[in-house]
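# Architecture and fold: a report
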Amino acid sequence: MAATLFHNAHDFQVGEQHFNISSAGGPLKELGARIAAGAIHDSAERCDAPKCHPETRVAVQNDLYDWIIDEEEPSDHPRKIKWVRGPAGSGKSAVMGSLADRCSEEGVLGATFFFASWSTSVGRRRKTAFVTTIAHQLAQHREELRTAISTAIKRNEGIFEKNLRVQMEVLVLSPLREVVRRSDRPRLRGAIIVDGLDECEAEQYHDTSTTGRRGRPERTKAEDQLEILQVLQAASSDPSFPFRILIASRPERVFREFFDPENNPTAFTKKLDLHEDHNADADITLFFEAEFNRLRRRYNLPPSWLPPNAVRILVDKASGQFIYAATVIRFLDGGHREPPKALLEAILGMEVITTSNPLEHLDALYSHILNSSPDPPLSVLWIRTIHWLNPNLPYSYASDFHLLLQMDPQSNEAEHLLGNLHSLIRIPPLSEQATTKYDFYHKSLFDFLEDRGRCGKLYVENNEDKLFVWNAFVRACERAGGTQLKYREPFLQLLIYIPAYTNLAGGTGHPKALSTPASADWWVSLAIARKAAESLWRMFKEVHNLCPGYRCKPVCRIWSRSILRRLGSATWIAPGVVWSLRRGHEWDDNPQFKQLIEKAMLNVLPARI
C-alpha cells in the first residue's frame, strides 16, 4: 500500500513522523532519513521514559555495566550477547534506560534501540528501521567509521530496501572491518542495548485481509523478532564486531527457545532474570518511602499519615513488580477528590482471591482504578480504541478522539469517563489536546484488559470495540454531512485514514452497525476530493468482508452503492459475482476499480466538507 500512496514522494510528514527520502544531501543524510529517531535512548520521544529511582536497582545496573566493560573474557570464544528478561512491570525498560545513560556518560555506549508497541512512531514498533538506526549511531563514534559507512551506502544503491541481514553486513560489519584493518587507534568497545524486543510488531508485505485461494498467511511478530535475534547473533560472531549486546524482553517463547543452549549452539552469556536473580523488595521499599515522603510534603500531611505497616503490605502486594508500585503512587497523586490517605486505605483494604496468577494484586489495582470511572465498560472501550488507533493513524490527537468518540461533540464526555484514570493514561492538558496524543504508562494494562480471566466484567469482545469505532466513524460522517459542522483538517485526515489503516470488517458486519446514505456520500466525496484512492478501495472491500456469499448486508449495500455511484458506475445495482470475487483480492488486482478511481481523480467531484 505504501508504494502506491507515496510513490516518488519526498520530504513529507505523516502524523508525528517526518520522512525525507532524498539522496540530495549525501549518503549519511539519506541514512538519517531512514532511522527511528524516537527509539534512541535520549530521544525527545523518550523524555519521560521510566528510569530507575535514585539508589534503586544499583546491583542490577552494576552487574550489567561490569559485563559491558569486562575485557577478561577469552578471545577465542567471546560471549557478546546477554539476555535480560523479566515479566511485565519488572522494570526492564527503567534499568535499560538508566544503564544507557550511564554508558553514555562513561563513553562506552555504542547504540540503543527501544522498541515500544504503544508508540505512534511506526519505526519503534517494527523492524524496518532497526539496522539503520544502529548504523546511524555508530557513525557518530569515529570519523573513519563515519566515512566507511558513507562509502558503503554509495557503493550499495538500494541497500535500504534489503533485508536486515544484508543491511547489517553492508552498513555495520563491513565498515567495522575496514576501520579495524586500517586504524591504529584503540579499538572500539561498549554496548548495544536493545530494549522491548518482545514489543516488535510484524511487518506485513501484502494484504493480509485477502481471503480464498490467493490469500497469504499473516506474518507473525515472533518471526520478525527471531530475524532480529539472528542478525544480532551473526554480528556478534564476527571477529571485527567489538560491542557487547544487551537484549531485554519478556520471557516469550521465541526468546526462551533462541537462548536455550540445547536449541542454539552459540555460547551466550548467562541470562539475567530481573524477577528471580535480584530480589526487588528492598528497592521497592526505598521507592515507596521516598514517594510517601514527597506526598506528605506536597499535601501537607502529618508524619503519622501512613497506616501501620503500609509500606510492608504494599511491597508484599507488588511481588517484585515495579509497575504496581508506580501505579499506586500515580493513583494517590492523581488529583482525586478523596484525600491520599483515604485512597491508600482503599488500596490496602483490597482483597484478592488467591490464585496461581502472580499479578493478582496488580489486577486488583487495575480493576479498582477502572471501576472508579462513572462508566467503567465505556471507559474501557475508549481506552482500547485509543490504544488500537493511536499507533496506526497519522492523525489522532486527543481532541480528535473526542470528536470521534463522544456522542455529543460539544460535551465533556472524555473528562467524565477518563478523569479518574490519570494513573493509567497520560491525558494532555486541555490547552494541548489539539496537538498532543493520549499515551499509556505501561503495556501491562492491555495484557490485563485482553485476558478475560484477569479483567472479568471489564473484558470487551474483539468485535465489540470494532463496532464501537465503526459507529463512531459513521456518526462523525453523518454530523458533517447533515449539518454545517466544520471539522478541522487533522480530523478530516483521521476520517479518511480510518478505513485504510484499520480492519473494520468486524464492526460493519455486526447487527448493530449504523449506516446512512448521507454519511456514506459525505465520506466518499471527501475521499475523492483528497485523492485517497486506497482508502476508497479498503472501504469498498471491508464493508463486504462479512457478507454471506453474494447476499450483501445493508451496510455493504449503502456504502458500495455510494462508492460506485460517485466513481461513475451509476448503472450498478447490487454486488454481482465478479465484483464480490474481486473484493477478495488485493488492490493491484482490481484494474476495473482502479480505472474508476483514476477517472474520478481527473474530474474531482465537489465534496461538502
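Conventions used here
Residues numbered from 1 in each chain as written. Predicted model: local features only at pLDDT ≥ 70, side-chain atom pairs only at ≥ 80, totals over all residues. Heavy atoms only, no water. Helix = DSSP H or I, 4+ residues; strand = E, 2+ residues; numbered from the N terminus. Contact = heavy atoms within 4.5 Å. Areas by Shrake-Rupley, 256 points an atom, 1.4 Å probe, with all protein chains shown as cover. Phe/Tyr/Trp six-rings, centres within 6.5 Å; stacked < 30°, edge-to-face > 60°. Buried < 20%, exposed > 50% of the residue type's maximum accessible area, 1.4 Å probe, protein only. Lys NZ or Arg CZ within 6 Å of the ring centre and 35° of its normal. Core = buried A, V, L, I, M, F, W, Y, C linked by side-chain atoms within 4.5 Å. Axes fitted to C-alpha atoms, helices over the stretch in contact; angles between N-to-C directions. Parallel < 35°, antiparallel > 145°, perpendicular 65-115°, else oblique. Nonpolar A, V, L, I, M, F, W, Y, C, P; charged D, E, K, R; others polar. Expected span 1.5 Å × (residues − 1). Bend = angle between axes of the 7 residues up to and from the residue. Pairing = 2+ DSSP bridges. Salt bridge = Lys/Arg side-chain N within 4 Å of Asp/Glu carboxyl O. pLDDT = per-residue confidence, 0-100. Polar contact = N/O pair within 3.5 Å; in protein donor to acceptor, adjacent residues only side chain to side chain.

## Some points on the overall build of the protein
When its secondary structure is counted, the protein shows 27 helices and nine strands. Partitioning the intrachain contacts of the protein with sequence separation of at least 6 by distance along the chain shows that 75% fall at a separation of at least 24. When the accessible surface of the protein is split by element, carbon and sulfur atoms take 50% of a total near 28,100 Å².

## Re the packing of aromatic side chains
Aromatic ring pairs: the centre-centre distance and the angle between the two ring planes describe each pair. Counted under the stated rule, the structure contains 22 aromatic pairs. Where phenylalanine 258 meets phenylalanine 259, the ring centres are 5.1 Å apart and the plane angle is 85°; that geometry is what we call edge-to-face. Residue classification places phenylalanine 258 among the buried positions, given a relative accessible area of 7%. With a centroid separation of 4.6 Å and an interplanar angle of 70°, the aromatic rings of tyrosine 487 and phenylalanine 491 are classed as edge-to-face. The two residues tyrosine 487 and phenylalanine 491 agree in class, both being buried. An aromatic cluster is defined as three or more aromatic residues linked by ring pairs; in this entry it consists of Trp83, Phe255, Phe258, Phe259 and Phe268. The ring centre of tyrosine 65 lies 4.1 Å from the NZ or CZ of arginine 102, which sits over that ring.

## A short note on unusual backbone geometry
For glutamate 55, which is not glycine, the phi dihedral falls at a positive 70°. Glutamate 55 sits in the exposed class, given a relative accessible area of 63%. Backbone geometry at serine 319 places phi at a positive 50°, although glycine is not the residue there. Relative to the helices and strands, serine 319 is located in the loop between α11 (310-318) and α12 (322-332).

## Examining the nonpolar core
Counting residues in hydrophobic clusters, the biggest one holds 105 residues, and the most contacted among them are Phe288, Phe292, Ile383, Leu404, Trp470, Phe473 and Trp523. Take this core: its biggest share by element is ten residues, from helix α20 (residues 462-482). In terms of nonpolar packing, the next biggest core, distinct from the first, is built from 49 residues, Phe130, Ala135, Ile245 and Phe255 among them.

## Considering the packing of helix α5 (residues 130-138) against helix α7 (residues 164-182)
As a packed pair, α5 and α7 sit with axes 9 Å apart at the nearest point and diverge in direction by 10°. Comparing their axes, α7 and α5 come out roughly parallel. Along its contact with α5, which presents Val131, Thr132, Ala135 and Leu138, the element α7 presents Leu164, Gln167, Met168, Leu171 and Val172. Taken together, the residues that form the contact of α5 with α7 break down as seven nonpolar, two polar and no charged.

## Describing helix α21 (residues 489-501)
With 13 residues, α21 extends 18 Å between its outermost C-alpha atoms, agreeing within 8% with the 18 Å of an ideal straight helix rising 1.5 Å per residue. Bending of α21 peaks at approximately 25° at the position of leucine 495, with proline proline 499 no more than four residues after it. Across the 13 residues of α21, eleven count as buried, placing the element largely inside the fold. What α21 keeps buried is the set Pro490, Phe491, Leu492, Gln493, Leu494, Leu495, Ile496, Tyr497, Ile498, Pro499 and Ala500.

## Some thoughts on the pairing of strand β3 (residues 81-85)
Across the five residues that make up β3, a large majority, five, are buried. Side-chain alternation along β3 places Ile81, Trp83 and Arg85 on one buried face and Lys82 and Val84 on a second face that is also buried. Where β3 lies against strand β6 (residues 244-249), five bridges are found, and the strand directions are parallel. Considered in β6, the bridge of valine 84 is made with alanine 248.

## Describing the sheet that holds strand β5 (residues 191-195)
Spatially, five strands are ordered β4-β5-β6-β3-β7 in an open sheet, and the strand pairing comes out parallel. Each edge of the open sheet is held by one strand with a lone partner, namely β4 (109-114) and β7 (272-273). As paired elements, β3 and β7 share two bridges and run parallel to each other. Bridging across to β7, valine 84 finds its partner in leucine 272. Those strands touched by helix α4 (residues 92-106) are β3, β4, β5 and β6, and its axis lies near 155° from that of β4. Most of the contacts of helix α8 (residues 221-236) go to β6, to which it runs at about 160°, and overall it touches β3, β5 and β6.

## A look at the pattern of salt bridges
In the structure shown here, the tally under the stated rule is 32 salt bridges. Among the salt bridges present, the one from arginine 57 reaches aspartate 283, with a minimum N-O distance of 3.7 Å. You can see arginine 57 sitting in the loop between α2 (27-32) and α3 (58-69) and its partner aspartate 283 sitting in helix α10 (residues 281-298), a full 226 residues away along the chain. Residue arginine 57 shares its accessibility class with aspartate 283, and that shared class is buried. Between aspartate 224 and lysine 127 there is a salt bridge, with the nearest N and O atoms lying 3.3 Å from each other. A residue pair is termed long-range when its members are at least 10 positions apart, and aspartate 224 in helix α8 and lysine 127 in the loop between β4 and α5 qualify at 97 residues. Assigned by exposure class, aspartate 224 and lysine 127 land together as buried. Ionic contacts of the salt-bridge type, sharing partners, join the residues Arg125, Arg126, Glu201 and Glu203 into one network.

## Brief notes about the confidence of the model for the protein
Put simply, the protein has an average pLDDT of 84, and 84% of its residues get 70 or more. In this model residues 570-578 is a low-confidence stretch, pLDDT under 50, and it forms twelve contacts with partners more than four residues away in sequence or in other chains. Contacts of residues 605-609 to residues separated by more than four positions or lying in other chains number 15 contacts, the stretch itself having pLDDT below 50.

## Considerations on the environment of leucine 418
Here leucine 418 is to be found in helix α17 (residues 413-418). What makes leucine 418 buried here is its relative accessible area of 1%. Taking C-alpha positions, leucine 418 is 9.0 Å from leucine 370, a pair spaced 48 residues apart along the chain. Beyond its immediate chain neighbours, meaning those up to four positions away, leucine 418 contacts Ser379, Trp382, Ile383, Ile425, Ile427 and Tyr438.

## What about the side chain of aspartate 198?
By the secondary structure assignment, aspartate 198 is in the loop between β5 and α8. A polar atom in the side chain of aspartate 198 sits 3.2 Å from the backbone nitrogen of arginine 250. For aspartate 198, the contacting residues outside a window of four places in its chain are Lys221, Gln225, Ala248, Ser249, Arg250, Glu252 and Phe255.

## A short note on helix α25 (residues 554-566)
An α-helical segment advances 3.6 residues per turn. Residues three or four places apart therefore align on the same side. Its 13 residues give α25 an end-to-end C-alpha distance of 18 Å, which sits within 8% of 18 Å, the value for a rise of 1.5 Å per residue. Along α25, the residues classified as buried are Val555, Cys556, Trp559, Ser560, Ser562, Ile563 and Leu564. Immediately beyond the C-terminal end of α25, within one or two residues, lies glycine 568, with a positive phi of roughly 105°.

## What to know about the environment of arginine 253
Along the chain, arginine 253 falls in helix α9 (residues 253-258). Taking relative accessible area as the criterion, arginine 253 reaches 57% and is therefore assigned exposed. On a C-alpha basis, the gap between arginine 253 and aspartate 198 in space is 10.0 Å, while along the polypeptide they are 55 residues apart.

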